[in-house]
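Analysis of the macromolecular model
The primary structure of each chain is shown beneath.
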Amino acid sequence: MSLSIFKSALGRALCRRPLSIYALACFNGTVLDAVIPHCRHQRASVRARPISDAAICRDEPEEPSKALWKPPKTILWKPPRTMPWNPPQAATQRWRLQMARRSPRMSRRLRSRKPIGYAVFPWPSRLRRCRNRSTLFRRLLDEASRSQRASGGTEQGDLPLNTRWFYDTPVPELTTLLRDTCVGIKVFSPGKTDLSYINPLTPVSQRKRRRKPMVAPLCRRTRFSLKEITASFIHHCNLIGGFQGGSSGSTLPSRARRRENRKERRKKDLMVMWEVFRPWVRSYLQWRGCTPEDVMTWSWILTTEDENMVGLKLKAILEKFRVDGSLKKGYPRPLPPFVILAILQRKHLRQSTLRIISPIIKDLYSPHHPLRIRDDKTTILLSIRLLRHLRETWPTALPRVVDFINNNFYATARSRSPPAWVTHAFNRFLLLFSLPTSDGPYRNVPLLQKCQFALVQRMATLGAPITREGYRAIITVQLAHHKTFGEAQRVRNMGKNWPPWLTERDGWSATHRRAHEEVVSRGGQVIRQMMEAGYSLMDWEKEALVLAGKDTDSSPTIQTRSFWNKQKLGEGYVGGDSSRIWAARVRATRTLEEAWWNFQECKAQRGVPHTDVWKEMFEKVIWEKKLKKKMNDESVARKAVSGNPYLTRSDFWLRNLDEQKNNTVPGDGKELIPPPLNPRDGVFNADPPPNVEDLFGMMIRNGVRPKARLAALIIAEAKKSIPFAMTVIKHWDPEQTHHFLSPLHNFSSKQAKPSPSPTKPLNNKVLTAFLLRLCNSRSPFKALRLIHHHRPKYRPAWNGVIQGFVHFLNPRSSLQSTLQPHHRIESLRAIWQLYKDMTRLVDIDNETLRLLAVAMERWIIIPLPETVLWSGKPPSEKIIPIFFENIGINNNDEEPMLPPEPVVLHAFVRALGFARKYAEMELLIRFLAGKEVKLEDTMGRRVLVAAKAFLEGAGYGVPEGNAEISKMGWMVLERLDPVVREAWGGWGEESDVEAYLILAGMVRGRRVNDVVAL
């Protein structure tokens, strides 16, 4: 077959199916097989023998027994280096380099020659060279398979490959390549360990410090694997312009231009095929049970920039294989582990994507999967990355990671004690399960404890000891628990002075004293067990002991609930008391005077306090201001109640306030208690505690700049003016001030000026705090402009702006007298627009659902025109499906995306009640009863009381007067009565319903027919 005939046949094939973006998705490899069917002497080339799908080699073999184990044989396989996308040009460069090494005269002759073009490229010699290398590679594969079958393996697909091929390639690593291609992978962070480049099984002391290389190497030595083939394909596609097949211009090209572009695309696609899918590469893919289609599919998934599209692509691929019926032993086309690892390496992933990835990971450990995972290194990486995403978006799925670790990590356990790397890995998992979740950190503490106890049980089974790192992780979770009954009684019996020594009550005996002296917090018990195991107390343990209720000099402190995650891995000693110990002492106090006394002692002993100490002091000052406001409101309410013989809202508000005081235990929250009335019982300070402005000025004069968390705390919680917040931002980071506030500077200008690109990303906590300050200062539209400019992938920022617009719709707000009707309409439309923009970036949470329910309620209460619609529908028709989808009513068999909370359920019941959606309310109550949702606490009982009040027809001003609506509500109430009695023991007392209606300012409903009859 001559070269012209080959080129014409190949050209006709490319004309029938050009390898553009449309062909990449349905590429079937026939063009590759047609490239080298025959040599130029009409002799058929040697093809690879068909290998069954079961004969699959794996990347990392298991550790076999010592009797049958043989060291792996390493073969340095050197195929030609991967060329750029233009082979003729690369061939010319290599030719010049070789001739220049021979003689200078020859190099001068070569300079005058023209480079080899596409038309005169030496295709026959290349084809012959590829045929010889492909034959050699196939012989190596066959030899490796025969040697492994002879070593004792009998089951197909279960034979480890003891031969590894290495080669040099200019293609960068897949992580670096995806970081340059996509925006969802973190960039280089100095001082941190990136497990993509370092073996996670290597001890920390033996790991080299990661440094960014000055110059990237031109070639690197790597193993021959599916991951490298995919990286090579992405690299060469990027060299020719990515996966886009058409022109990038906005105007349509002419017919001649389109033909020229199509011709260029065919050439580029042919170059990619030539450089990536060489004959030995196709032989390797066939041996692993894969095809070039699979490589293109993996590249299509990995190069996705949008996190939403990752899950959609995975779902589309799985659905396509199910529809086509291309299943092998119950499994679809294989997705190798490196694809899942690369997806989990992104910064953000949606919960829907994680729901699709979870069963895929489970299938990767099945013994029948062709590309199953068998090494512990991949298991550790999958667990760490999956745990990081679940902690941010899906905390209720954390037990799945524990089951995944216990079932797959170090599954081939032996009778002897596990090695050191197994002990280190389990203790690091304990540390990862001690980090707080993004949504409800203290609410999910029992879940974290359950996960840690499951890991400890697995460690006890294997005989792996708990190290200092593991003890610190367990102590952190125990410190974040609520106080037990004994711990709460011990704190209540403490004296009012400082240190708060135990105060004996009247009638105490020796037994009472001994019982209270022996009460030790759960965190203190773990610290005691740690000392019994032989570990000495370092600075971190001393800080945790202060929060557990005991100072370093054995004096008592207030047991404080906290996630103490400050440098858990620190191992050094500090002479005297460290700065973090003083931060723990300031935190473990009950009043502002006690905190200020510890702060003054820190200044006297260590000079200028550390930033952590300033942060704890600012929290005490801010909560003292809230306490004073609450006490002022209480005094005003008591004066109003004292001369009124009737029950009012103030009576029930004072009752709830007294109940909260009786149930409040110092240290369980950040709230402070009032100082003692007798000055002799409290702490004496020569200087009175300052306010927020004075404390901030003191910190700046001492040369301490606020960090991000402290700046966010001052801006959001201090409730000061906008100029003061701007001052805090400028002292936080002067470089980011202009970029942070640039949208506000151009707010009044007709044409916004482009802001300079920032050198580092903006802190989401500071941005959220400033947005809350704008919303609380009656400037929500400025906050709307700011969040649309930065578009953060941070839920609290979006919820804060939505809350600002919801507050605009509050009928009891003082702003209603100054607001115009169009302000309310714009606010309602802004809420829906913010929700749509938010769902494009991040997942919603329970706070978002609560704000939507409150917005629906106020849309019904406030008289607004019917033309105010959300995407062409009333708000009630949009919000109800959103709730049903997220709490799991539509998908009763699956786990809900957001577990229903009493606060959210109460807001949703109120919205349904004002909208008179009794059928939806009945569906909700039956769903909660079927799922056995606990509603025994105060907020849970309020959900049932509100449902009963609205089913009776309660409303503002006058009850429901429509006979049909009233009849429907009472019928639903009668049908739900046995369901509620069986699930929760009843709706509640009549006094609870009356108190709820008085507090809400509503009138109780009655049967309309009965009223008419009277």
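1. Considerations on the overall build of the protein chain
- Across its full length, the protein chain carries 43 helices and 5 strands.
- For the protein chain, the proportion of contacts with a sequence separation of at least 24, taken over those separated by at least 6, is 76%.
- Surface summary for the protein chain: the accessible area is close to 51800 Å², and the carbon and sulfur share equals 53%.

2. Overview of the confidence of the model for the protein chain
- Across the protein chain, the average pLDDT comes to 76, with 70% of residues at 70 or higher.
- Of all secondary-structure elements in the protein chain, the lowest mean pLDDT belongs to helix H3 (residues 30–35), at 36, while helix H18 (residues 445–462) reaches the highest, 93.
- Across residues 14–88 the pLDDT falls below 50, and counting only partners more than four positions away or on other chains, this stretch makes 163 contacts in the model.
- Per-residue pLDDT stays below 50 along residues 245–257; that stretch engages in 7 contacts with residues further than four places along the chain or on separate chains.

3. Some points on the packing of helix H26 (residues 611–642) against helix H29 (residues 708–717)
- Packing of H26 against H29 brings their axes to within 10 Å, and their N-to-C directions diverge by 10°. For the element pair H26 / H29, the angle class is roughly parallel. Here H26 contributes Thr611, Trp614, Lys615, Phe618, Glu619, Ile622 and Lys626 to the contact with H29, which in turn contributes Arg709, Leu710, Leu713, Ile714 and Glu717.
- Class assignment for the residues of the contact of H26 with H29 results in 6 nonpolar, 1 polar and 5 charged.

4. So, the pattern of salt bridges
- For the coordinates displayed, the defined rule picks out 30 salt bridges.
- For the salt bridge of Arg926 with Glu922, the shortest nitrogen-to-oxygen distance reads 3.3 Å. Linking Arg926 with Glu922, this pair stays in helix H39 (residues 918–930), spanning 4 residues, or about one helical turn.
- Measuring nitrogen to oxygen at the nearest pair gives 2.8 Å for the salt bridge that ties Glu990 to Arg1004. Within this pair, whereas Glu990 is found in helix H42 (residues 990–1000), its partner Arg1004 is found in the loop between strand E5 (1002–1003) and helix H43 (1008–1013), the two being separated by 14 residues in sequence.

5. A short note on the nonpolar core
- One finds Trp614, Met617, Phe618, Phe770, Ile831 and Leu924 to be the most contacted residues of the largest nonpolar core, which totals 144 residues.
- Looking at this core element by element, the count peaks at 9 residues for helix H35 (residues 821–841).
- Excluding its chain neighbours within four sequence positions, the residues that come into contact with Phe770 are Ile715, Ala725, Met726, Ile729, Phe740, Leu741, Leu744 and Leu786.

6. What to know about the packing of helix H37 (residues 875–887) against H39
- Two numbers describe how H37 lies on H39: the axes approach to 12 Å, and their chain directions differ by 10°. Comparing their axes, H39 and H37 come out roughly parallel. Taking contact as the criterion, the partners of Ile880, Phe884 and Ile887 in H37 are, on H39, Glu920, Leu923, Leu924 and Phe927.
- Residue classes in the contact of H37 with H39 are distributed as 6 nonpolar, no polar and 1 charged.

7. Concerning unusual backbone geometry
- With an omega of 0°, the peptide bond between Trp498 and Pro499 qualifies as cis.
- Inspection of the secondary structure puts Pro499 in the loop between helix H20 (485–492) and helix H21 (510–517).
- A positive phi angle is found at Arg791, which is not glycine, with a value near 45°.
- Its place among the elements puts Arg791 in the loop between helix H33 (780–790) and helix H34 (795–808).
- For Arg791, a relative accessible area of 34% puts it in the partly exposed group.
- Even without glycine at this site, Arg916 takes up a positive phi of about 60°.

8. Some words on H18
- An ideal rise of 1.5 Å per residue puts 26 Å on 18 residues; H18 measures up with 26 Å between its terminal C-alpha atoms.
- The complete set of buried residues in H18 reads Val445, Leu447, Leu448, Gln449, Cys451, Gln452, Leu455, Arg458, Met459 and Leu462.
- The first or second residue beyond H18 is Gly463, which carries a positive phi of 85°.

So, how was this worked out
Residues numbered from 1 in each chain as written. Predicted model: local features only at pLDDT ≥ 70, side-chain atom pairs only at ≥ 80, totals over all residues. Heavy atoms only, no water. Helix = DSSP H or I, 4+ residues; strand = E, 2+ residues; numbered from the N terminus. Contact = heavy atoms within 4.5 Å. Areas by Shrake-Rupley, 256 points an atom, 1.4 Å probe, with all protein chains shown as cover. pLDDT = per-residue confidence, 0-100. Axes fitted to C-alpha atoms, helices over the stretch in contact; angles between N-to-C directions. Parallel < 35°, antiparallel > 145°, perpendicular 65-115°, else oblique. Nonpolar A, V, L, I, M, F, W, Y, C, P; charged D, E, K, R; others polar. Salt bridge = Lys/Arg side-chain N within 4 Å of Asp/Glu carboxyl O. Core = buried A, V, L, I, M, F, W, Y, C linked by side-chain atoms within 4.5 Å. Buried < 20%, exposed > 50% of the residue type's maximum accessible area, 1.4 Å probe, protein only. Expected span 1.5 Å × (residues − 1).

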